[in-house]
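Each chain is listed here by its residues.
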Amino acid sequence: MRSLLSFDGLIDFWSNDYLGLARIPHQIEILGSTGSRLISGNSKAVEAVEKQMAAHFQSEAALIFNSGYDANLGLFSSLPQKGDTIIYDELVHASVRDGIRLSFANAFSFRHNDVQDLEKKLQKAEGSVFVAVESLYSMDGDLAPLKEISRLCKAYGALLIVDEAHSGGVFGENGLGLCQELGISEDVFIRLFTFGKAYGTHGATVCCSEEVRQYLINFARSFIYTTALPESFYQHMMRQVELSNNESLREQLQQNITSFSDKINSTISSTRSPIQIMEFSELETCKAKAAELQQAGFAVKAILPPTVPTGSQRLRICIHAFNTKDEIDRLTDLLK
């Protein structure tokens, strides 16, 4: 059974606030929203923010959703049609899976980060083909082989959708994500950035063509039938994105990740990832280690089945730019 925990006052090694932007105090006046974007929740100011988002993320257009979950739900339930095919990484986020369930398209998974298995699925796909992956996987802390996946999608005429939820703000020039770092952004059909991780706020933006933007406005039910965010909150999202243009924070984050991974060798996670995973073969051992860390003052949580497969329970440790060398040293001593 899952339960809610509060780790007030403990040293943060569990949140997605990788750059520490959620810790910056803000004085924003939030006025209530009055309806959906298609009725009374839209304004020139909101559309101006979306244009700023598109420019920042080097995209033709952008459409803001209330959350990353809403964005993936809207994308995958509306874009693929009956007779089309969705091929998705078996570890892709639950929001993508839920959107796929609402779609009339055929859907098949491929083995995690396995480009050979992906190609086998592409060879059998029919209709318009959509490939859904994440750039950085939140429960393994590993990076997708995006260059190889992009190459395959081009070869088979498939449309690649990359969820950059955990890589936005962390990788790439100005934190523009792993696609930008690898130079494949223009080959990606849709990139999705959520702001509840490195950007330290809430909401998400779909980076796409203007044609896709207009399509989603008309057919993405999680966009159409929900109350819009307050206008001031859209501006707050943009300010947080602008705050992420801080290379010193990213450099400090990478230094801290290196400091941690040099001492604790994860068998799963990338040595560049702010998410570091330690797997345990025994469930009770994993729970006991989490309790020990919490007792020592560290906010670290055990991730247990059914969130991860049975037998792969783990500690999910998030490294931040604001973690000190002393904090990392004390944590790794306990983990050893």
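Note that the coordinates shown come from a computational prediction; the quantities given were computed from them, not determined experimentally.

Peer 1: Got a minute to help me understand the environment of Ile 64 in this structure?
Peer 2: With respect to the helices and strands, the residue Ile 64 is situated in strand 2 (residues 61-65). Put simply, Ile 64 and Ser 259 are 195 residues apart on the chain and 36 Å apart in space, counted from C-alpha to C-alpha. Sequence-distant contacts of Ile 64, that is, excluding residues within four places in its chain, are made with Arg 37, Val 49, Glu 50, Met 53, Ala 204, Thr 205, Phe 223, Tyr 234 and Met 237.

Peer 1: Help me out: how do you make sense of the packing of helix 2 (residues 68-78) against helix 7 (residues 210-219) in this one?
Peer 2: Think of two packed helices as two axes; the pair is described by the angle between the axes and how far apart they sit. Helix 7 packs onto helix 2 with a crossing angle of 95° between their chain directions and a minimal axis gap of 10 Å. Viewed along their axes, helix 2 and helix 7 adopt a mutual orientation that is roughly perpendicular. In this structure, helix 2 contributes Gly 74, Leu 75 and Ser 78 to the contact, and helix 7 contributes Tyr 215, Leu 216 and Phe 219. A breakdown of the residues in the contact of helix 2 with helix 7 according to their chemical character gives four nonpolar, two polar and no charged.

Peer 1: When you look at helix 10 (residues 247-263) in this model, what are you seeing that I'm missing?
Peer 2: Taking 1.5 Å as the rise per residue, helix 10 with 17 residues should run 24 Å; its terminal C-alpha atoms sit 25 Å apart, in good agreement. Among all positions of helix 10, only Arg 250, Leu 253, Asn 256, Ile 257, Ser 259, Phe 260 and Ser 261 are buried. The inward-facing, buried residues of helix 10 contact strand 9 (275-279), strand 12 (314-318) and helix 12 (325-335).

Peer 1: What am I meant to see in the nonpolar core here?
Peer 2: Within soluble globular proteins, side chains that are nonpolar tend to cluster in buried spots. Within the largest apolar cluster, 52 residues are counted, with the highest numbers of intra-cluster contacts made by Phe 13, Val 131, Val 133, Leu 315, Ile 317, Leu 331 and Leu 335. In terms of residues, this core owes the most to one element, helix 5 (residues 146-156), which gives four residues. Other than its neighbours up to four places away in sequence, Phe 13 contacts Phe 298, Ala 299, Val 300, Arg 316, Ile 317, Cys 318, Ile 319, His 320, Asn 323, Glu 327, Ile 328 and Leu 331. Grouped together as the second largest cluster of nonpolar side chains are 26 residues, Leu 75, Ile 161, Ile 217 and Ile 224 included.

Analysis parameters
Residues numbered from 1 in each chain as written. Predicted model: local features only at pLDDT ≥ 70, side-chain atom pairs only at ≥ 80, totals over all residues. Heavy atoms only, no water. Helix = DSSP H or I, 4+ residues; strand = E, 2+ residues; numbered from the N terminus. Contact = heavy atoms within 4.5 Å. Axes fitted to C-alpha atoms, helices over the stretch in contact; angles between N-to-C directions. Parallel < 35°, antiparallel > 145°, perpendicular 65-115°, else oblique. Nonpolar A, V, L, I, M, F, W, Y, C, P; charged D, E, K, R; others polar. Expected span 1.5 Å × (residues − 1). Buried < 20%, exposed > 50% of the residue type's maximum accessible area, 1.4 Å probe, protein only. Core = buried A, V, L, I, M, F, W, Y, C linked by side-chain atoms within 4.5 Å.

Any functional reading would require information beyond the geometric quantities listed.
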